[in-house]
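Reading the structure
Residue strings, one per chain:
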Amino acid sequence: MLQPAYLIIVAAVVFVLLMMAIINRYRRCPSDKILVIYGNKGSNKSAKCIHGGGAFVWPIIEDYAYLSLTPISIDANLTNALSRQNIRVDVPCRFTVGISTEPDSMLAAAERLLGQTAQQIQELARDILFGQLRLVIATMSIEELNSDRDKFLEAISANVEVELKKIGLRLINVNVTDIKDESGYIEALGQEAAAKAINEAKVRVAEQEKIGEIGKAEAVRETRVRTAEANAQAVAGENEAKIAIANSDATRREKEAEAQRKATAAEKVAQAQALEEAYAAEQKAESARADRERSTQTANVIVAQEIEKRRLVLAAEAEAEQKRVNAKGEADAIFAKMEAEAKGLYQILTKQAEGYDKMIQAAGGDATKAYTLLLLEKLPELVKTQVEAIKGINIDKVTVWDGGAGTANGQTSTAGFLSGLMKSVPPLSDLFDQAGMALPEYLAKKKEEVAAEAPNTAE
């Protein structure tokens, strides 16, 4: 049961170790080195060169190495080199070389310098430099070597660069010190140049002395002539100066007078302008004061009035609103009162109508009988009304002159007065007629009609 788990653990360990081994074979190249991978490269290349970056190196079939890009300084003190003039010279030089980072040069360096120490590379480069330096010196004369150093260095660079590139190196710098020859030619050239320079200097000194003497004599003559001319010119100048002084004095006095006049006028103008500005300032001050007073009055009177006006407007609006509220309340009260009265009257009329209807039903549906019943009900009130008509007459004093004589019907004057007074009360029939109604027939008959009907009744 434990064997499958054990196999899984072993496989995992092997896989991890394999991955670590693969990762460990990845090589990065520093900036001061060249990574050379050699082995099974194919494509007719002996190695793969990388500068900056990295690459994977397959185990077993590939391997790697580094080439240093550190510059190498080489002392090439060449002696007894034959020049174009067949004069042997000593040329002490110091060359600085290094491995090139061009693709072709890196491959050449990998093929020829890989595994070599710096000392071995230095010796190999020195041999190449000596040979090329001798060739360059053989093509140049002593004068060119000694005086035209730029040409000499260009020739060295052109010849040496080509040969160094074959082994993957490049020339960085060339420094040539003093050149010497065993025959003393360069020294003689130096002495000749020195003597020539000394002689030329002596000639220039003599020329300068001659020029100096001539110049001195001419200077004396020029001095005397110039002195006389200067004296004459001085006298003339003094006279002209005096004239100029007089003219200048006159001009000065004229200018002073003109300046005085202008100054006086300017003072007057300035005073006038000052007064004008003062008046203008006073006017502005008065205007400002008037504006201030106006503003004060406005603030004290108009603003107060505006506030009072607004207060009155607000009070009037409040009073009007109160009146509107009161009027609305009174209208609502009146409306409610009238509505209540209307409802009461409606109830009264409704009840009366119901009573009249029941009264007509009680009279057997005869409206006349119902009317008679209603009139009988109101008859006491009618009689009372007739009596009350004369009850309220206020008779303070009535004087009746009665002589005792009677009337045709046997009544005295006093009795006739009282009878006429009673007759002033309107009868019930007249009241009913004025109201548009009629008394029942048995109430409206007169005595005569009753008396005429009496016998018939007796019969």
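From a predicted model like this one, the values you see are computed outputs, not experimental measurements.

Another aspect to go through is the overall build of the protein. Counting its secondary structure elements, the protein contains 11 helices and nine strands. A separation threshold of at least 6 residues defines the contact pool for the protein, and within that pool the share at least 24 residues apart is 64%. Of the roughly 33,700 Å² of accessible surface on the protein, 58% is carried by carbon and sulfur atoms.

A few words now on a nonpolar patch on the surface. On the surface, a nonpolar cluster with roughly 970 Å² of combined accessible area is contributed by I9, V13, F15, V16, L17, L18, M19, M20, I22 and I23. Relative to the helices and strands, I23 is located in helix α1 (residues 3-24).

Okay, the sheet that holds strand β2 (residues 33-39) next. Read from one edge to the other, the open sheet built from three strands follows the order β3-β2-β5, with strand pairing classed as antiparallel. The sheet is open, and its two edges are formed by β3 (47-50) and β5 (62-68), each paired on a single side. Here the strands of the sheet are splayed against their neighbours by 25° on average, with no regard to which way each runs. Alignment of β2 against β3, held across four bridges, turns out to be antiparallel.

What follows is about the pairing of β2. Note: β2 against β5, seven bridges, orientation antiparallel. Following the sheet pairing, V36 is matched in β5 by A65.

Our focus in this paragraph is the nonpolar core. By size, the foremost hydrophobic cluster in this structure holds 42 residues, and its most contacted members are I137, F152, I156 and L164. Sequence-distant contacts of F152, defined by excluding residues within four places in its chain, comprise V91, L133, V136, I137, M140, L145, V176 and I179. The next biggest cluster of nonpolar side chains, apart from the first, holds six residues, and it includes C29, I37, A55 and V57.

With that out of the way, let us pick up the packing of aromatic side chains. One pass over the full model with this rule turns up one aromatic pair. Centre to centre, the rings of Y64 and Y66 are 5.9 Å apart; their planes meet at 80°, and the pair counts as edge-to-face. Given the relative accessible area of 32%, Y66 is considered partly exposed.

For the rest of this paragraph, the subject is the pattern of salt bridges. Here the structure, examined in full by the defined rule, presents 17 salt bridges. The partner of E286 in a salt bridge is R289, with the nearest N and O atoms 2.9 Å apart. Pair noted here: E286 and R289 are both in helix α6 (residues 185-362), with a separation of three residues, about one helical turn. According to the relative accessible area criterion, E286 is partly exposed, its value standing at 44%. The network of salt bridges with common partners includes D249, R252 and E256.

For the rest of this paragraph, the subject is helix α2 (residues 103-113). Burial in α2 covers these residues: S105, M106, A108, A109, A110 and L113. With its phi angle positive at about 90°, G115 sits one or two positions after the end of α2.

Moving on: the packing of helix α3 (residues 118-138) against helix α5 (residues 149-165). Taken N-terminus to C-terminus, the directions of α3 and α5 make an angle of 140°; their axes are 9 Å apart at the nearest point. Comparing their axes, α5 and α3 come out oblique. The hand of the α3/α5 crossing is right-handed. Across the interface between the two elements, A125, I128, L129, Q132, L133, V136 and I137 of α3 pack against F152, A155, I156, N159, V160, E163 and L164 of α5. Grouping the amino acids of the contact of α3 with α5 by side-chain chemistry returns 11 nonpolar, two polar and one charged.

Note on placement: M140 falls in the loop between α3 and α4 (142-147). Residue classification places M140 among the buried residues on the basis of a relative accessible area of 3%. Sequence spacing of M140 and S83 is 57 residues, and the spatial spacing of their C-alpha atoms is 6.2 Å. Dropping the residues within four chain positions of it, M140 is found in contact with S83, R84, L145, K151 and F152.

Time to look at the side chain of Q122. Take Q122: it is sitting in helix α3. Note on Q122: relative accessible area 15%, which makes it buried. Among all residues touching Q122, those that are not within four sequence positions of it are I72, S73 and I74.

When you line up the elements, R126 lands in helix α3. Under the relative-accessibility criterion, R126 is labelled buried at 15%. Those residues in contact with R126 that sit more than four places away from it in its chain are I74 and D75.

What counts as what
Residues numbered from 1 in each chain as written. Predicted model: local features only at pLDDT ≥ 70, side-chain atom pairs only at ≥ 80, totals over all residues. Heavy atoms only, no water. Helix = DSSP H or I, 4+ residues; strand = E, 2+ residues; numbered from the N terminus. Contact = heavy atoms within 4.5 Å. Areas by Shrake-Rupley, 256 points an atom, 1.4 Å probe, with all protein chains shown as cover. Patch = residues over 30% accessible without salt bridge, like charges linked within 9 Å, V, L, I, M, F, W, Y side chains within 5 Å. Salt bridge = Lys/Arg side-chain N within 4 Å of Asp/Glu carboxyl O. Pairing = 2+ DSSP bridges. Axes fitted to C-alpha atoms, helices over the stretch in contact; angles between N-to-C directions. Core = buried A, V, L, I, M, F, W, Y, C linked by side-chain atoms within 4.5 Å. Buried < 20%, exposed > 50% of the residue type's maximum accessible area, 1.4 Å probe, protein only. Phe/Tyr/Trp six-rings, centres within 6.5 Å; stacked < 30°, edge-to-face > 60°. Parallel < 35°, antiparallel > 145°, perpendicular 65-115°, else oblique. Left-handed = near helix turned anticlockwise from the far one by under 90°. Nonpolar A, V, L, I, M, F, W, Y, C, P; charged D, E, K, R; others polar.

Taken by themselves, the reported measurements are silent on function.
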